[in-house]
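# Chains, contacts and geometry: an overview
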Amino acid sequence: MSNNPVIDFIVPHYNESWDIGRKLFLMLSMQRNADLGKIRVIIVHDGKEGALDWQDIFSSCPYDVQVVTLDKHSGIPAARNAGIKHATADWIMFCDFDDMFADIVALRGILQVLPTDDADVIWMRTYREERAR
């Protein structure tokens, strides 16, 4: 994996099941024509209770994953701030645990724009999926 990722994806997590987050991480793995060595996913587990077995889940992942665990549940803003403190890439992207990419080439487009000075912010389409609570 790359020691200097281009983009860090910061993903807060708090007591959601793996079934909810699987889509985001699967879509990252399925991205076509994108150098997955240029990304790192920083999962910030917001409190020690309910932690998933991240090492088992991401042992064969094609991109770098770092897990940060906060001592106590502090909320999404605190989790994102903790992720920022661990980020080293020039760019960061915030994803929720239940987010998905719109298609399997979305990351390629992002990585093509980032090395230039043409953008300060990148906006992507989002889709909302209703789920049972």
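Check the entry above for the structure.
These remarks concern the structure in this document. Just so it is clear, the model here is predicted, and its values are computed rather than measured.

### Examining the overall build of the protein
When its secondary structure is counted, the protein shows four helices and four strands. Reading the secondary structure of the protein in the N-to-C direction produces β-α-β-α-β-α-β-α. A burial count over the protein gives 35% of its 133 residues as buried. Of the roughly 8,200 Å² of accessible surface on the protein, a fraction of 48% belongs to carbon and sulfur atoms.

### Things to note about the pattern of salt bridges
Counting across every chain of the model gives three salt bridges. The partner of R40 in a salt bridge is D8, with the nearest N and O atoms 2.7 Å apart. Taken together, the positions of R40 in strand β2 (residues 39-45) and D8 in strand β1 (residues 7-13) put the pair 32 residues apart, joining distant regions of the chain. Of the two residues, R40 and D8, neither departs from the other in class, the shared state being buried.

### Details of the layout of surface pockets
Of the volumes computed, that of the second largest pocket is approximately 190 Å³. Lining the second largest pocket we find 13 residues, and of these P12, Y14, E16, I76 and D96 sit closest to its centre. For the lining of the second largest pocket, the per-class residue count stands at five nonpolar, three polar and five charged.

### A few points about unusual backbone geometry
Residues other than glycine seldom take positive phi values, yet N15 does so here, at roughly 60°. Secondary-structure assignment places N15 in the loop between β1 and α1 (18-29). Given the relative accessible area of 40%, N15 is considered partly exposed. Residue N33 is not a glycine yet carries a positive backbone phi of 55°. Among the structural elements, N33 can be located in the loop between α1 and β2.

### Some remarks on the packing of aromatic side chains
Per the counting criterion, the structure on display carries eight aromatic pairs. Each ring, one from W18 and one from F58, has its centre 5.7 Å from the other, and the planes form 90°; the classification is edge-to-face. Remark: F58 occurs in the loop between α2 (54-57) and β3 (64-69) and W18 occurs in helix α1; sequence separation between them is 40 residues. The same class applies to W18 as to F58, namely buried. Considering the side-chain rings of F25 and F58, the 5.0 Å spacing of their centres and the 65° angle between planes classify their relative orientation as edge-to-face. Remark: F58 occurs in the loop between α2 and β3 and F25 occurs in helix α1; sequence separation between them is 33 residues.

Reading the values: the criteria
- Residues numbered from 1 in each chain as written.
- Predicted model: local features only at pLDDT ≥ 70, side-chain atom pairs only at ≥ 80, totals over all residues.
- Heavy atoms only, no water.
- Helix = DSSP H or I, 4+ residues; strand = E, 2+ residues; numbered from the N terminus.
- Buried < 20%, exposed > 50% of the residue type's maximum accessible area, 1.4 Å probe, protein only.
- Areas by Shrake-Rupley, 256 points an atom, 1.4 Å probe, with all protein chains shown as cover.
- Salt bridge = Lys/Arg side-chain N within 4 Å of Asp/Glu carboxyl O.
- 1 Å grid on protein atoms, 1.4 Å probe; cavity = no way out; pocket = protein on both sides within 12 Å on 5 of 7 lines; lining within 4 Å.
- Points joined across faces, edges and corners; volume = space filled by probe spheres on them.
- Nonpolar A, V, L, I, M, F, W, Y, C, P; charged D, E, K, R; others polar.
- Phe/Tyr/Trp six-rings, centres within 6.5 Å; stacked < 30°, edge-to-face > 60°.

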